[in-house]
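Listed below, chain by chain, are the residues.
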Amino acid sequence: MQPQSQLLMEKNKKGKERISGSEAVLRSLICEGVDLIFGYPGGAIMPVYDALYDYQDKLHHVLTRHEQGAVHAAQGFARVTGKVGVCFATSGPGATNTVTGIADAMIDSTPMVVITGQVASPLLGTDAFQEIDVVGITQPITKWNYLVKTAEEIPEAIAKAFYIASTGRPGPVVIDITKDAQFGEVDFDYEKVNHIRSYIPVPLTKPESVHDAIDIINSAKKPMALVGQGVILGHAEEELREFLDKTGIPAAWTLLGMSAMPTDYPLNVGMLGMHGNYGPNVKTNECDVLIAIGMRFDDRVTGDVSKYAKQAKVIHLEIDPAEVNKIIKADVAVLGSVKDTLPALTKEVKGNTYPEWLAEFKACDKIEDEKVISGEVFPTQEGMTMGEVVHKVSKAFNDDAILVSDVGQHQMMASRYFNFKQSRSNVTSGGLGTMGFGLPAALGAALGAPDRDVCVFIGDGGFQMTIQELGTIWQTRAKVKIIVLNNNFLGMVRQWQELFFDRRYASTELMNPDFQMIAKGFGIESALVDSRDNLDSAIETMAKHDGPYFLEVKVEKEGNVFPMVPAGSSVSDIRLE
C-alpha cells in the first residue's frame, strides 16, 4: 500500500498539488520555517502523524511523555530562539492537557502554535468520544484560536496563526482541526500572512509622546529604568544599551527581563520584585522619574499600588496599549516596539551621568550583601543553602549558561545568584508560576540552543510534577544539566507558613522517592550531594559531562528567600530577614 502522501500528489489543472489536509498541515509548517515539533499522538490527530512519517527528513518530532511537557518544551524552545514554538496534541484529554502551558505562554508572551486534532465534523456537539470544545476552553488564554472543518481552510489558518503568534506582543495560538478535514483534500497553495484587517500588532507611535518623554528625562535628577521582557521579545538589547549608555540611568530588570543586559553591566542595579534586590525596590519610591521599558507592572513588582512610586513621573514604553494605565498610571505613554521607540528617545535625550544617585544603589547593595547575600552564598552553618549551589553552578559554566528554573524558592534563588553574559539566557514561568515547567522547558531550550549549556534548577516538589520528561531527555540525549535542590518541603509555601501562618506546616512536607534510582532508570548519569565537602567536585563532574546529567543537592530544610516584600505591602517595606 502506497503512503497517503504519494496517493494524493496529483496535479490539478492549475498546476497545484492536490494533497490531504494532514499533509497540508505539515507543508504549511515547513513554509513557516518550522523544523522541530513537540507532541503526543492520539486518535483525532493520527492522520497528521501518519503524514509526518513521510516528512521525517524535514520535520523533527520530539515525543514528550505528556502533552503539558510538549507545550512547556515548545515554550523553552521559543524563549531561547525567538522563533515560534510548535506542538501537536490529540482531542479530549490530549487537548486539555495543553491548557496549563497555553495559559503560561499567554501571560508570559511566548510565541507558540498549538495544533490539536478534533473529532469529525458530523460528531461536533454530540459528546462524542474524546470530544471537547477546545476553542471555547482556550479562547481566554490565546491571542487567537480557530476550528478548522475543511481541508481547504488549513493553509490560511496556519498562516494566520504564525503571523498572530509572532507579531506585536507575542503569544499562543490554537488551531483545532477536525479529523475529516485532515482526511480531506486541498489544492495546496501557501501564502504567508503579513496583514490582517483590524489586527494592529504594533500601535502607531505619536511624536508628541516621544517629545514629552524626552523633556521629562532631560529634567530628571533621580531617574530609574525598569527593564522588562519586551526588550528581549523586541530584539532591542542593543537599543537599550545605547539608551542607558547615553543617559547614565540606572536600570533594574524584572524576572522575565533578566539577561536583557549582562549581569555585570555597570548600570544594572539588580532585580525588581517580591524577592528582588534591596536597592531597586527601595529606590522605586525615591526616584523622580520611572521609565518602564517593555514591562507590565506585575503585582509582584509593584506591591501595594497605592504606595507605588507616587513621587515619580512615569514614562511607559509599551507595545500593548491594554497594559498602559492598567496598573500604574503613566504620565507619558510611548506606544510602539521598543526597538523603534528607544532609539527615538536616545537620539534626542541629553547625555548624562548620575554618580550620586548610583552611589545610593551601591549603599543599598552593601546593606543587602551584609545582611543577606554573604550568608546565603558563603554560609558558615553546616547545612548547604540554595544560593551557594546556584552561585557555584553559575561559575562552573563561566556565568554564560542558559538558566531554566521551575517555580518556588529555588526559582527566586536562581534568579538572584545566577549570572548572565548574553540575552535569551533566562527561561522561567513568570506570570502563571507553573510548577512542573522547568524540566520540559529545559528540554526545549537545549534542543533550541544545542551549542549552549543549559542548567535547570528545580525543587523536589516541582520536579515530581513532570518527572516523566526525564524519558524524553534520555531519548533525545538533550544536554540538560538538572539540579534538584531538595529540602523535602514545598519550600515557598512553607516559607509563607513560617512567616505568616505561625509555622503551621500544613501539607507542605514531602516524603520523596530515591531520585538517583529514578535517574538511573532513565539512563541519566547522576550524583547526590549531602555534604558541602562534595559539592565542588560534583558540580565540576556535571559541568564536564557530555550529555544530560542529574545532580541532587540536599539543602537546608527551612532556608528562606530574602529580601522579601510581603504580599500587599509597599516595596519600601522590603524585609531583609
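The model shown is predicted, which means the values in this text are computed figures rather than measured ones.

Asker: Please give an account of the overall build of the chain that cites residues and values.
Answerer: Assigned secondary structure in the chain consists of 24 helices and 21 strands. Relative to a compact globule of 577 residues, whose C-alpha radius of gyration would be 25 Å, the chain shows 25 Å and is just as compact. For the chain, the spread of C-alpha atoms along the principal axes amounts to about 75 × 60 × 40 Å. Looking at the chain as a whole, 59% of its 577 residues qualify as buried.

Asker: Provide a residue-level description of the domain arrangement of the chain, including the pertinent values.
Answerer: A common measure of how large an interface is: the accessible area buried when the components associate. Split by domain assignment, the chain resolves into domain 1 (4–188), domain 2 (207–360) and domain 3 (382–554). Put simply, the middle of domain 2 and the middle of domain 3, counted by C-alpha atoms, are 31 Å apart. Each side of the interface is counted separately: domain 2 has 18 residues, and domain 3 has 19 residues. Taken together, both faces of the contact between domain 2 and domain 3 bury some 1500 Å²; the carbon and sulfur share is 59%.

Asker: Give me the sheet that holds strand β5 (residues 85–89): which residues, what numbers.
Answerer: What the six strands build is an open sheet, ordered β4-β3-β5-β6-β8-β7; its pairing is parallel. Both outer strands of the open sheet, β4 (60–63) and β7 (144–148), are each paired with one neighbouring strand and no more. Each strand of the sheet is rotated relative to its neighbour by a mean of 20°, with strand direction disregarded.

Asker: Residue-level account of the environment of cysteine 287, with values.
Answerer: Tracing the chain through its elements places cysteine 287 in the loop between α13 (278–284) and β13 (289–293). Classification of cysteine 287 as buried rests on a relative accessible area of 1%. Sequence-wise, cysteine 287 and lysine 206 are 81 residues apart; in three dimensions their C-alpha atoms are separated by 26 Å. Contacts of cysteine 287, omitting those with residues within four sequence positions, involve Lys222, Met224, Gln311, Ala312 and Trp357.

Asker: Let's hear about the side chain of threonine 247: which residues, and what values?
Answerer: Looking at where threonine 247 falls in the secondary structure, it is placed in helix α12 (residues 237–247). Classification of threonine 247 as buried rests on a relative accessible area of 1%. Among the polar contacts made by the side chain of threonine 247, one reaches the main-chain carbonyl oxygen of phenylalanine 243 at a distance of 2.9 Å.

Asker: So what about the sheet that holds β13? Which residues, and what values?
Answerer: The strand order β12-β11-β10-β13-β14-β15 describes an open sheet built from six strands, whose pairing is parallel. Of all the strands in the sheet, the pair left with one neighbour each is β12 (268–271) and β15 (332–335). Taking each pair of neighbouring strands and ignoring which way they run, the sheet shows an average axis angle of 20°. Running over the sheet, helix α10 (residues 207–218) touches β13, β14 (313–318) and β15 and is turned about 130° from β15.

Asker: Could you give me a rundown of unusual backbone geometry, with the residues and numbers involved?
Answerer: One can expect most non-glycine residues to show negative phi and most peptide bonds to be in trans. The peptide bond linking phenylalanine 562 to proline 563 adopts the cis configuration, its omega dihedral lying at 0°. Phi at arginine 424 takes a positive value of approximately 55°, unusual for a residue other than glycine. Mapped onto the elements of the fold, arginine 424 is located in the loop between α18 (409–417) and β17 (426–427). For arginine 424, a relative accessible area of 13% puts it in the buried group. In this structure, arginine 503 takes a positive phi of about 60° despite not being glycine. The topology assignment puts arginine 503 in the loop between α22 (491–500) and α23 (515–521).

Asker: Give a detailed account of the packing of aromatic side chains, specifying residues and quantitative values.
Answerer: Overall, the coordinates contain 15 aromatic pairs when judged by the stated rule. Between phenylalanine 463 and phenylalanine 515, the aromatic rings sit 5.3 Å apart at their centres with planes inclined by 75°, giving edge-to-face as the arrangement. Remark: phenylalanine 515 occurs in helix α23 and phenylalanine 463 occurs in helix α20 (residues 460–463); sequence separation between them is 52 residues. As far as the burial class goes, phenylalanine 463 and phenylalanine 515 line up, both buried.

Asker: Can you explain the pattern of salt bridges? Please cite residues and give values.
Answerer: Considering all chains together, one arrives at 28 salt bridges under this definition. Note that glutamate 368 is salt-bridged to arginine 416, the shortest N-O span being 2.7 Å. Taken together, the residues span a long stretch of sequence, with glutamate 368 in helix α16 (residues 355–377) and arginine 416 in helix α18 at a distance of 48 residues. Across the pair, exposure class does not vary: glutamate 368 and arginine 416 are buried alike. The partner of lysine 544 in a salt bridge is glutamate 540, and the shortest N-O contact between them spans 2.9 Å. Of the two residues, lysine 544 and glutamate 540 are both situated in helix α24 (residues 535–544); the distance of four residues between them amounts to about one turn of the helix. Take lysine 544: its relative accessible area is 65%, and that puts it in the exposed class.

The rules behind the values
- Residues numbered from 1 in each chain as written.
- Predicted model: local features only at pLDDT ≥ 70, side-chain atom pairs only at ≥ 80, totals over all residues.
- Heavy atoms only, no water.
- Helix = DSSP H or I, 4+ residues; strand = E, 2+ residues; numbered from the N terminus.
- Rg over C-alpha atoms; globule rule 2.2 N^0.38 Å.
- Buried < 20%, exposed > 50% of the residue type's maximum accessible area, 1.4 Å probe, protein only.
- Domains from an automatic or database assignment.
- Contact = heavy atoms within 4.5 Å.
- Buried area = accessible area lost by both parts, 1.4 Å probe.
- Pairing = 2+ DSSP bridges.
- Axes fitted to C-alpha atoms, helices over the stretch in contact; angles between N-to-C directions.
- Polar contact = N/O pair within 3.5 Å; in protein donor to acceptor, adjacent residues only side chain to side chain.
- Phe/Tyr/Trp six-rings, centres within 6.5 Å; stacked < 30°, edge-to-face > 60°.
- Salt bridge = Lys/Arg side-chain N within 4 Å of Asp/Glu carboxyl O.

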